[in-house]
Amino acid sequence: MPENAKADWDERIALRSDEEREFAFPDLDPPKEVTAAGGVGQVTIDWSPVDGAAGYLILRGAGAHGPLEPVDHHSGDVLSVPSPPYVDTTCTPGTPYRYAVASVPEVTAHGRPSHTVGAVPLVAGTVAPTVTVTVDVVAEGIELERPWEPMVGSERLSQLLCEDLTGGHEIGRELEDALRRMHDELGVRTVRAHAIFHDDTHVVDGTSYDFSVVDAIYDRLLAIGLRPVVELGFMPRELASDPTRTVFEYAAIISPPASYQRWHDLVRALVQHLVDRYGLDEVLTWDFEVWNEANLEVFWSGTKAEWLQLYDVSAAAVKSVDPRLAVGGPSSAAAGWVDDLLDHAKRYGTPIDFVSTHTYGSPPLDVRASLERHGYGDARILWTEWGVTPRHFNPINDSVFSGVFLLRGMRSAAGRIDALSYWVASDHFEELGRPTRFLHGGFGLQTVGGLAKPRYHAMTMLSRLGPVELPVTYDGDGAGSLVEAWASRDRDRIAVLLWNLTLDQSKADGAAELTRTVRVQLPGVDSSWEATATTLAIGTADLATAAVGLPDWPTDDELAELAERTQLVRTPLGWSGSAVEVTLPMPAAVLLELRPPRV
C-alpha cells in the first residue's frame, strides 16, 4: 500500500462521529492512596480503585511545577488503563516527576485528577534488579478464566471461498487452515468477521433474497468446529441510501439504508434462514452484532441517531424470529457509544444481550461499570476486536513485543470480560489491500504460508495453563507492573507463565535497563520434581528476527526451515528445590512447568 494512502487512512480512522449526548456521565471521585515508586528505567504508579470507573488516566509533569499531561505509551489508541498498577517507562532516568491519576467513566471523559505524588526513575546499574514471585501451590485456587477461547477475529469470511493466490498461497484454503488451527490447537470457539451483507455474498436478488453464498461460508466454518459471530453489515447496494459511500479496498458500503423496513426484512430473513438451515438450538448459541464501529466516520456515513435506529430495527428483526436469540452492540471503536446505546435501550426498551466494543494498544477497559450504571449488569461483555495496534502494515504486529502484550491483555481481561477477540487469525487480510510480502506488519496471528507469529506462540503458552489459578504475590523493582505472572495447577503439573512488558511501544525492540532477574518461589514443591522452560523472546521463537535476509516471498522450503527454527521449545531447567531463577529481558515471556518425576 502506498505510504501516502496509509497515512490518509490512519488519519481518517481517528475521526469520531457525533459525541453529543442526552445524559451526563457521573462525576467520579479521583483515586485515593496514589503512590509512585521509582525503579531502574521505570516508575510504578499505584492507586485504590474507584467505584463506577471504567478505567484510569495517568498524568505526569516534570519538576516541581507545571502542567500535568497524560502519559503517552505510543499505542495510537486509548491511553486509559482498566486497573492499577501502571508502569511508566517513557520517563528519563534521574529526572524527578509528579504523577496523578484520574478516574475515567467513559473513554471520551475523565474526572478530576488525584493528588500528585513524586518519583524519580533510577539509572541502570551493572546488575539487573531482582523481582520475587511467590506462588501458593497448595492453595485451593479458583477456576482459571480463558478469555482467548471464546472468539477470534478474521478477514471477511467470503474469503474462505476465494481461490486467488497471495505470494503463491491460495487465500481461501490457507484462511480455512488458519481458522482450523485456532480451533484445534487453541480451543477457540467462534469467529467474528465483517461484511456478511457485502455485495460479494449477493444476499439481495431483486425483490427476494439469496443466501446460497452465506450458506457456503457458514457450512465451511461449522465444518471446522467454529461458530460465527454474525456482524450485521455492511449495507447491500440495493438497500443503501448512498451506495457511493464505501470503506476498504473491497468497497464495503457504509451508508444507512434507504428504507429501514427493507433492512428489517433482510435481517429477519437471514436469521430465519439460519434457523431453518442449522436448527434453532444451534443458532441460539450464536451472537448477532449490529454493524462495525459506527462511531467512526470512516465506517458509518449517517448520524448517531440513525445508527441507534438501525440497532432498534436490527434487534427487533432478530428477536422476531425467536426472542431468545442474542443481539448486541455497539461494536464501537475505543469503547465509544457504549453508554449511548445503553441509555437509549433503557429509554425505549430495546433489547441488549451483550455489549461489544474494541480497543488497541492497552488492556481493555472495564465497561462493566457502564452496564451497571444503566441497569444492564447481567449483559455479557465481548471485546470483538483487540490488538497491539490499530494501524495496518505496522512492524510491531510481527514482533515479540506484540506476543507479550497479548499475554498482559488476556491476564487483565480474565474474570471480567466474556471474550477478548484478537484481531485477526491470519495475514490473509485485505481491508487496505492484499499483503505485498511475507512479513508486512499484518494483523494476523499467523502469516501467509501459515507460520506462527509470536502472538500465536503467546496464545499457545496461555493454552498450556492448567484449569486452577493459584495465588501469586510479588516483591521487587517493577514487581506486578513490569513483571507479571499467571500461575496454575492441574492434576500432576504446576504451570507458571511469567512475562516482562511495558505498554510503551517506543521500546518494542527492547530496552536493556528493563531486564529483570525473576526468582520464582514455589514453597511446597518437592525438589525431585522436573522443571522445564518454554521461552518467547527477541531471537527465540521470533519469526521477524529469523526471517531477516529472506526474499519478500520465501519458497516452501525456506518457510519449512523457518517454521522449524521459530517453534516454541521446552527445555529442561535446573532448580534448587523451592525456587526457580530466570532472566527476563523486556519484552520476553517464559512458561515454567513442573511435574513429579516419571516412574
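Relevant structure appears above.
Residues numbered from 1 in each chain as written. Predicted model: local features only at pLDDT ≥ 70, side-chain atom pairs only at ≥ 80, totals over all residues. Heavy atoms only, no water.

Chemist: Would you mind going over the environment of Arg192 with me for this structure?
Modeler: Summarising the element assignment, Arg192 is placed in strand 13 (residues 190–193). Given the relative accessible area of 0%, Arg192 is considered buried. Placed 291 residues apart in sequence, Arg192 and Val483 show a C-alpha to C-alpha distance of 32 Å. Only 3.4 Å separates the side chain of Arg192 from the side chain of His358, close enough to count as a polar contact. (Helix = DSSP H or I, 4+ residues; strand = E, 2+ residues; numbered from the N terminus. Buried < 20%, exposed > 50% of the residue type's maximum accessible area, 1.4 Å probe, protein only. Polar contact = N/O pair within 3.5 Å; in protein donor to acceptor, adjacent residues only side chain to side chain.)

Chemist: Would you mind showing me how to read the packing of helix 4 (residues 260–278) against helix 6 (residues 304–321) here?
Modeler: Between two packed helices, the angle of one axis relative to the other and the distance separating the axes together describe the packing. Their axes nearest at 8 Å, the elements helix 4 and helix 6 cross at an angle of 35°. As helix 4 packs across helix 6, the resulting crossing turns out to be right-handed. Here helix 4 contributes Tyr260, Trp263, His264, Val267, Arg268, Val271, Gln272 and Val275 to the contact with helix 6, which in turn contributes Glu306, Gln309, Leu310, Val313, Ser314, Ala316, Ala317, Val318, Ser320 and Val321. For the contact of helix 4 with helix 6, a count of residues per class yields 11 nonpolar, five polar and two charged. (Axes fitted to C-alpha atoms, helices over the stretch in contact; angles between N-to-C directions. Left-handed = near helix turned anticlockwise from the far one by under 90°. Contact = heavy atoms within 4.5 Å. Nonpolar A, V, L, I, M, F, W, Y, C, P; charged D, E, K, R; others polar.)

Chemist: What's the story with helix 10 (residues 454–463) in this structure? I'm lost.
Modeler: Given 3.6 residues to a turn, an α-helix orients residues that are three or four positions apart in the same direction. With respect to burial, helix 10 is a largely interior element, nine of its 10 residues being buried. All of the buried residues in helix 10 are Pro454, Arg455, Tyr456, His457, Ala458, Met459, Thr460, Met461 and Leu462.

Chemist: How should I be thinking about the packing of aromatic side chains in this particular structure?
Modeler: To describe a pair of aromatic rings, you give the distance between the ring centres and the angle between the ring planes. One pass over the structure, following the stated rule, counts 19 aromatic pairs. Consider the rings of Tyr97 and Tyr99, whose centres lie 6.2 Å apart with planes at 50°: the pair is tilted. Each member of the pair, Tyr97 together with Tyr99, is buried. On the basis of an interplanar angle of 50° and a centroid distance of 5.3 Å, the ring pair of Phe248 and Tyr250 is categorised as tilted. Assessed through its relative accessible area of 8%, Tyr250 is described here as buried. Counting every residue linked through ring pairs, the aromatic cluster contains Phe197, Phe234, Phe248, Tyr250, Trp263, Trp291, Phe299 and Trp300. Over the face of the ring belonging to Tyr250 we find Arg156, whose NZ or CZ atom lies 3.8 Å from the ring centre. The ring centre of Tyr456 lies 4.4 Å from the NZ or CZ of Arg181, which sits over that ring. (Phe/Tyr/Trp six-rings, centres within 6.5 Å; stacked < 30°, edge-to-face > 60°. Lys NZ or Arg CZ within 6 Å of the ring centre and 35° of its normal.)

Chemist: Explain helix 2 (residues 171–186) here, please?
Modeler: For helix 2, spanning 16 residues, the distance from its first C-alpha to its last is 22 Å, which sits close to the expected 22 Å at 1.5 Å a residue. All buried positions along helix 2 are accounted for by Ile171, Gly172, Glu174, Leu175, Glu176, Ala178, Leu179, Met182 and Leu186. The inward-facing, buried residues of helix 2 abut strand 10 (151–154), strand 11 (165–166), strand 12 (169–170), strand 13, helix 3 (212–224) and helix 10. Trailing helix 2 by a residue or two, Gly187 shows a phi angle of about 80°, which is positive. (Expected span 1.5 Å × (residues − 1).)

Chemist: Would you explain the side chain of Arg98 in this entry?
Modeler: Counting through the fold element by element, Arg98 comes out in strand 6 (residues 97–104). An unpaired buried charge is present at Arg98: no salt bridge exists, and Glu69, the closest side chain of opposite charge, is 9.6 Å distant. Separated by 2.8 Å, the side chain of Arg98 and the backbone oxygen of Gly63 make a polar contact. (Lys, Arg positive; Asp, Glu negative; His and termini not counted. Salt bridge = Lys/Arg side-chain N within 4 Å of Asp/Glu carboxyl O.)

Chemist: Teacher, can you tell me more about the nonpolar core here?
Modeler: In globular proteins that are soluble, nonpolar side chains generally tend to be buried together. Counting residues in hydrophobic clusters, the biggest one holds 147 residues, and the most contacted among them are Phe288 and Trp307. Excluding residues within four positions of it along the chain, Trp307 makes contact with Val290, Trp291, Ala294, Trp300, Pro330, Trp337 and Leu341. Counting 26 residues, the second-largest nonpolar core is a separate cluster that includes Leu498, Val518, Val520 and Leu592. (Core = buried A, V, L, I, M, F, W, Y, C linked by side-chain atoms within 4.5 Å.)

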